[in-house]
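# Fold and geometry: a report
Each chain is listed here by its residues.
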Amino acid sequence: CGALRFHLNDQEAGLDDMRRNIDAWWPLVDRVEAIVMTASGCGVTVKEYGHLLAHDSAYAEKARRISEMTRDLSEIMPQFEAELAAKLKGKIAKRVAWHPPCTLQHGQQIRGKVEGVLRAAGVDLQLCADSHLCCGSAGTYSVLQPELSTELRDRKLAGLHATRPEVIVSANIGCQTHLQSGTDTPVSHWIELLDQALA
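A few points on the structure. Residue positions within a chain follow its written sequence, with the count starting from 1. Totals for whole chains, interfaces and linings use all residues, but because this is a predicted model, local features are given only for residues with pLDDT of at least 70 and pairs of side-chain atoms are given and counted only at 80 or more. Hydrogens and waters are ignored; side-chain quantities use all the structure's heavy atoms.

## So, the packing of aromatic side chains
Rules: To pair, rings of Phe, Tyr and Trp, with the six-membered ring standing in for Trp, must have centres within 6.5 Å; the planes then decide the type, stacked if under 30 degrees apart, edge-to-face if over 60, and tilted in the middle. Only DSSP runs of H or I with at least four residues qualify as helices, and only runs of E with at least two residues qualify as strands; both kinds are numbered from the N terminus onward. A ring is considered to have a charge above it if a Lys NZ or an Arg CZ atom is located within 6 Å of its centre and within 35 degrees of its normal.
One pass over the full model with this rule turns up one aromatic pair. Aromatic pair Trp-25 and Tyr-49: ring centres 6.3 Å apart, planes at 25°, arrangement stacked. Here Trp-25 is found in helix α2 (residues 11–25), whereas its partner Tyr-49 is found in helix α4 (residues 49–52), with 24 residues between them in sequence. In this structure, Lys-62 is placed above the aromatic ring of Tyr-59, and the distance from its NZ or CZ to the ring centre is 5.9 Å.

## Brief notes about the nonpolar core
Rules: Take the buried residues of types Ala, Val, Leu, Ile, Met, Phe, Trp, Tyr and Cys, join any two whose side-chain atoms come within 4.5 Å, and each joined set is a nonpolar core. Only protein chains enter the accessibility calculation, which uses a 1.4 Å probe. A residue is then buried if its area is under 20% of the maximum for its type, exposed if over 50%, and partly exposed in between. We call two residues in contact when some of their heavy atoms are within 4.5 Å.
With 21 residues, the main nonpolar core has Trp-98, Leu-118, Val-123, Trp-190, Leu-193 and Leu-194 as its most contacted residues. Contacts of Leu-118, omitting those with residues within four sequence positions, involve Val-123, Leu-125, Val-169, Trp-190, Leu-193 and Leu-194. Ile-22, Ile-35, Met-37 and Met-69 belong to the second-largest nonpolar core, a separate cluster that totals 13 residues.

## Considerations on the sheet that holds strand β6 (residues 187–189)
What counts, and what does not: Following DSSP output, two strands are said to pair if at least two bridges run between them. The axes used here are C-alpha line fits, helices contributing only the stretch in contact, and every angle between their N-to-C directions lies in the interval 0 to 180 degrees.
Pairing in this open sheet of four strands is parallel, and the strands run β4-β3-β5-β6 from one edge to the other. The outermost strands of the open sheet, each flanked by one partner alone, are β4 (124–127) and β6. Adjacent strand axes in the sheet meet at a mean angle of 35° when their direction is disregarded. Examined bridge by bridge, strand β3 (residues 95–98) and β4 share four bridges and lie parallel to one another. The partner of Trp-98 across the bridge, within β4, is Leu-127.

## What to know about the pattern of salt bridges
Convention followed: One side-chain nitrogen of Lys or Arg within 4 Å of one carboxyl oxygen of Asp or Glu is enough to make a salt bridge.
On inspection of all chains with the given rule, the structure shows 10 salt bridges. Salt-bridge contacts for Asp-17 lead to Arg-20; the nearest nitrogen and oxygen are separated by 2.6 Å. Note that Asp-17 and Arg-20 are positioned in helix α2 at a spacing of three residues, about one turn of the helix. Owing to a relative accessible area of 15%, Asp-17 belongs among the buried residues under this scheme. Given a relative accessible area of 47%, Arg-20 falls into the partly exposed group. One network of salt bridges, in which partners are shared, links Asp-16, Arg-19 and Asp-56.

## Some thoughts on helix α13 (residues 190–198)
Just so we agree on the cut-off: Arc definition: it is the arc formed by the directions from the helix axis to the C-beta atoms.
By the burial criterion, the buried members of α13 are Trp-190, Leu-193 and Leu-194. Each buried residue of α13 lies within a common arc of 90° when the element is viewed along its axis, so the set occupies one face. In α13, the exposed positions angled more than 90 degrees off the buried face are occupied by Asp-195 and Gln-196. Structurally, α13 contributes buried residues whose contacts are with α6 (73–76), α7 (81–88), β3, α9 (113–120), β5 (167–170) and β6.

The values reported here are purely geometric and, on their own, carry no functional implication.
Rendered as structure tokens:
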């Protein structure tokens with residue numbers, strides 16, 4: 001999505017990644033309702049394409065349209081809560097801890113939607129204390145500031161483990177891999193939990 005290289009200060013390469021994505025998506029723009037992102041870190045970046053490419057006369061309008069069309073998966077799924085409730089009530093017996101990524105709750109300002117979908121599906125969902133705080137992944141932060149990143153991860157995991165989860169779910173691959181590096185408790189994307197139960 002251009003996020004990693006952009007945050008590594010290789011800005012022009014990051015912008016080129018964004019232009020390539022726009023070129024790939026553009027033929028489909030008039031045939032789809034939305035571009036749905038499952039990774040909140042990518043979603044927050046793609047929603048910024050319009051701002052980041054506003055200076056580019058060849059891409060500014062296309063970037064604005066792509067940003068307007070982009071939705072996080074959690075913005076789409078609430079319309080299916082009734083169906084999920086009918087199909088999944090009682091099928092997910094695990095105690096689940098939810099870690100809302102910063103890119104979802106702070107970057108995209110999306111709060112409560114994942115929780116609503118999971119609870120509608122009958123999930124025994126737990127939020128840890130200070131769930132608004134970062135897990136320490138933060139894009140390249142875990143690479144550039146490993147000691148602080150690990151300290152934040154361990155603090156977050158202590159809060160998550162206090163809920164006695166059998167599985168931890170999140171909405172961003174960076175958070176998933178970072179949290180998993182410090183625990184034996186399985187960490188996955190929240191939609192995988194539903195997908196496994198539906199299967």
